[in-house]
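Analysis of the macromolecular model
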Number of protein chains: 2
Amino acid sequence: MMSMYTKNINTHLIEIKDYFKVAISVDCVIFGFAEDKLKVLLIKSDLNEYKGKWSLLGDIVRPDEELEKAAYRILSDRTGLENVYLEQVQTFGAVDRHPAGRVITVAYYSVVNLAGICLQAANPELHWVPVETIRDMAFDHRQILEVCLDRLQQQMMVQPVGFNLLPEKFSLRALQVLYEAVLRRELDRRNFRKKFLSMDLLDDLQEEESDVPHRPAKLYKFNFNKYEQHRKRYLAIAF
Amino acid sequence: MMSMYTKNINTHLIEIKDYFKVAISVDCVIFGFAEDKLKVLLIKSDLNEYKGKWSLLGDIVRPDEELEKAAYRILSDRTGLENVYLEQVQTFGAVDRHPAGRVITVAYYSVVNLAGICLQAANPELHWVPVETIRDMAFDHRQILEVCLDRLQQQMMVQPVGFNLLPEKFSLRALQVLYEAVLRRELDRRNFRKKFLSMDLLDDLQEEESDVPHRPAKLYKFNFNKYEQHRKRYLAIAF
DNA sequence: ACAAAAGTGTTCAACATACACCCATGA
DNA sequence: TCATGGGTGTATGTTGAACACTTTTGT
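Here we summarise the structure given alongside this text. On a predicted model such as this, the values are computed, not experimentally measured, just so you know.

Cut-offs applied
Residues numbered from 1 in each chain as written. Chains lettered and ligands numbered in written order. Predicted model: local features only at pLDDT ≥ 70, side-chain atom pairs only at ≥ 80, totals over all residues. Heavy atoms only, no water. Helix = DSSP H or I, 4+ residues; strand = E, 2+ residues; numbered from the N terminus. Buried < 20%, exposed > 50% of the residue type's maximum accessible area, 1.4 Å probe, protein only. Areas by Shrake-Rupley, 256 points an atom, 1.4 Å probe, with all protein chains shown as cover. Near = heavy atom within 4 Å. Polar contact = N/O pair within 3.5 Å; in protein donor to acceptor, adjacent residues only side chain to side chain. Nonpolar A, V, L, I, M, F, W, Y, C, P; charged D, E, K, R; others polar. Contact = heavy atoms within 4.5 Å. Buried area = accessible area lost by both parts, 1.4 Å probe. Salt bridge = Lys/Arg side-chain N within 4 Å of Asp/Glu carboxyl O. Least-squares fit on C-alpha atoms with pLDDT ≥ 70 in both. Axes fitted to C-alpha atoms, helices over the stretch in contact; angles between N-to-C directions. Parallel < 35°, antiparallel > 145°, perpendicular 65-115°, else oblique. Left-handed = near helix turned anticlockwise from the far one by under 90°.

If you tally the helices and strands in chain A, you get six helices and nine strands. In chain A, buried positions account for 51% of the 239 residues. Just so you have it, chain A exposes about 11900 Å², and 46% of that area is on carbon and sulfur atoms.

Written out as structure tokens, the structure is:
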């Protein structure tokens, strides 16, 4: 029974049937951004059925634990980060989705600044994998990833989630590369800059990049406070 | 044990603890439209704790049942309708949300043409309740309703879900009244008509209203096929 | 003839898109 | 001086918003 809390339900086979008819887990799709690519934090599955395949970070929810708390626990256990952006996406409950029995999983996605993370030394199997290189995954995790990626793309256009993927100080170029990587399309540089500068939510830090082999870019910081105050509501009917 | 399948987890107290550590249920927020008002199908709770309060339609998920199947089952049991629009919204898992123990519930919303529904005679407690009159509800159902209503409002602006709330043949006026009721704001008639007619997704049926004490309106039908083919993808970055 | 809702067009402002040149820096 | 990306403005088309009168029907 103890092992239920210390082992990971996705990487170690547990006879859930002996404890629960139905078990609840949380799976986290943790997005990061590095080398101009969108990445996801994944672990190699230990489970025989899925030996060597990539798996999301997940765990069962403890009987007295809130769902969101469980997601934060997984996140801080694996990345050491607290207070990160986290959002529930969807629940996956296919009867045969887990070989150990009926495991219904609630998927969350998170966006973190990958640069500020020391992966736990205890987990050499943990890797930041570029999203576009991912093919097979364990369980239905490929599908979960897909749905979370869709959600991220939608949110990026409507809320300032992207800034959590960058360091606090960033150039407009970095921001654009990020948007292009997540939305998977090229954007016009002048229009992109115009748009973000005209939103008036980027604080000009009066600083510049250094150590670049070309003209250094100005650095900005996203003003979350100003955003919270001037939040736009969404109006147009269009489909 | 048998009673778990025939009784409703939200209206009859069951000692879940004896069977499961955690139970999974599905709750359906079923929207309808009548008398120019958005309504939800609700039932009076039988549970002592929530005697007389409104409750969503829900039931526990059977061990071998897909989540979505469970939602469809609830829907067709209560409304007799098949093949309706149904969408998963969010999962609610607060530790104390159900007095019978830990019950994690997956919320779905549905939109149906209320006119085509005969409520099951076996359920005199079932009612179409105008959304704006709803105050207290059993459990956390008020919160669930709120979240589903938000989602419905968002979807209405981006996908043609609204048409499922109307009869097959409808006037532009009826469509506008529906949008105004769901989005809770007035819309300009000329702009509304222009927008929907220019989408070119409404088939002019060459029919008119009858028995109205004024000039009869033309009737239209939404062309779902055409929509599926010309689906817009959503582009602008705005927040 | 009157009441009640149907139907219709134009103007203006805001915003998305397309597009090309000069500038600052390090090598 | 060259290579590399940083930084800028204008013109055009589309779309949303505001707004008032005529038409058709039933009573």
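So, next bit.
Near DNA strand C lie 20 residues; those nearest to it are Asn191 and Lys195 of chain A together with Arg189, Arg190 and Lys194 of chain B. Protein-proximal atoms of DNA strand C, defined as those within 4 Å of the protein, fall in sugar or phosphate at a share of 44%. The side chain of Asp188 of chain A places a nitrogen or oxygen atom 3.4 Å from a base nitrogen of DNA strand C. Interatomic distance of 3.3 Å between a side-chain N/O atom of Arg190 of chain A and a base nitrogen of DNA strand C. By residue class, the composition of the surface near DNA strand C is five nonpolar, three polar and 12 charged.

Our focus in this paragraph is the protein's contact with DNA strand D. If you check the shell around DNA strand D, you find 20 residues, and the closest are Arg189, His214 and Lys218 of chain A together with Lys195 and Arg215 of chain B. Near the protein, meaning within 4 Å, the atoms of DNA strand D are sugar or phosphate in a fraction of 44%, with bases accounting for the rest. Contact between DNA strand D and Lys194 of chain B: a base nitrogen at 3.3 Å from a side-chain N or O atom of the residue. Between DNA strand D and Arg215 of chain B there is a distance of 2.9 Å, counted from a base oxygen to a side-chain nitrogen or oxygen. Listed by contribution, the elements that provide at least two residues to the surface near DNA strand D are helix H5 (189-199) of chain A together with helix H5 (189-199) of chain B. Looking at the surface near DNA strand D residue by residue, the classes come out as five nonpolar, three polar and 12 charged.

What follows is about the interface of chain A and chain B. Chain A puts 44 residues into the contact, and the matching count from chain B is 45 residues. Summed over both partners, the interface of chain A with chain B comes to about 3700 Å²; 63% of that surface belongs to carbon and sulfur atoms. By the criterion of area lost to chain B, the three top residues of chain A are Met157, Ile237 and Phe239 of chain A, representing 25% of everything that side buries. For the pair chain A and chain B, the interface holds zero salt bridges. For the pair chain A and chain B, the number of links is 15 residue pairs in polar contact (both at pLDDT 80 or more). Split into classes, the residues belonging to the side of chain A that touches chain B amount to 29 nonpolar, five polar and 10 charged.

In screw terms, the move from chain A to chain B is a rotation of 180° and a rise of 0.0 Å along the axis, fitting with an RMSD of 0.0 Å. Those values place the two copies in the arrangement expected of a two-fold rotation axis. When the interface residues of chain A are mapped onto chain B, 100% of them are again interface residues, pointing to one common binding face.

Residue and element names in this part refer to chain A. Per the stated rule, a full pass over the model turns up 24 salt bridges over all chains. Across the salt bridge formed by Arg73 and Glu65, the nearest N and O atoms sit 2.7 Å from each other. The exposure class assigned to Arg73 is buried, which follows from its relative accessible area of 12%. Note that Lys169 and Glu207 form a salt bridge whose closest N and O atoms lie 3.0 Å from each other. A residue pair is termed long-range when its members are at least 10 positions apart, and Lys169 in the loop between helix H3 (141-156) and helix H4 (172-183) and Glu207 in strand S8 (residues 202-208) qualify at 38 residues. Three or more residues are tied together by salt bridges with common partners; here these are Asp27, Arg97 and Asp140.

Turning next to the packing of helix H3 (residues 141-156) of chain B against helix H4 (residues 172-183) of chain B. For any two helices packed against each other, one specifies the crossing angle of their axes together with the interaxial distance. Residues and elements named next belong to chain B. Closest axis-to-axis distance for the H3/H4 pair is 9 Å, and the angle between their directions is 140°. The angle between H3 and H4 places the two elements in the oblique class. Pair H3 / H4 crosses with left-handed handedness. Seen from H3, the contacting residues are Leu152, Gln153 and Met156; seen from H4, they are Leu178, Tyr179, Val182 and Leu183.

As a further point, take the side chain of Gln155 of chain A. Residues and elements named next belong to chain A. Considering the arrangement of structural elements, one finds Gln155 in helix H3. The exposure class of Gln155 is buried, given its relative accessible area of 13%. Ignoring anything within four residues of it in the chain, the contact list for Gln155 reads Tyr85, Glu87, Tyr109 and Val161.

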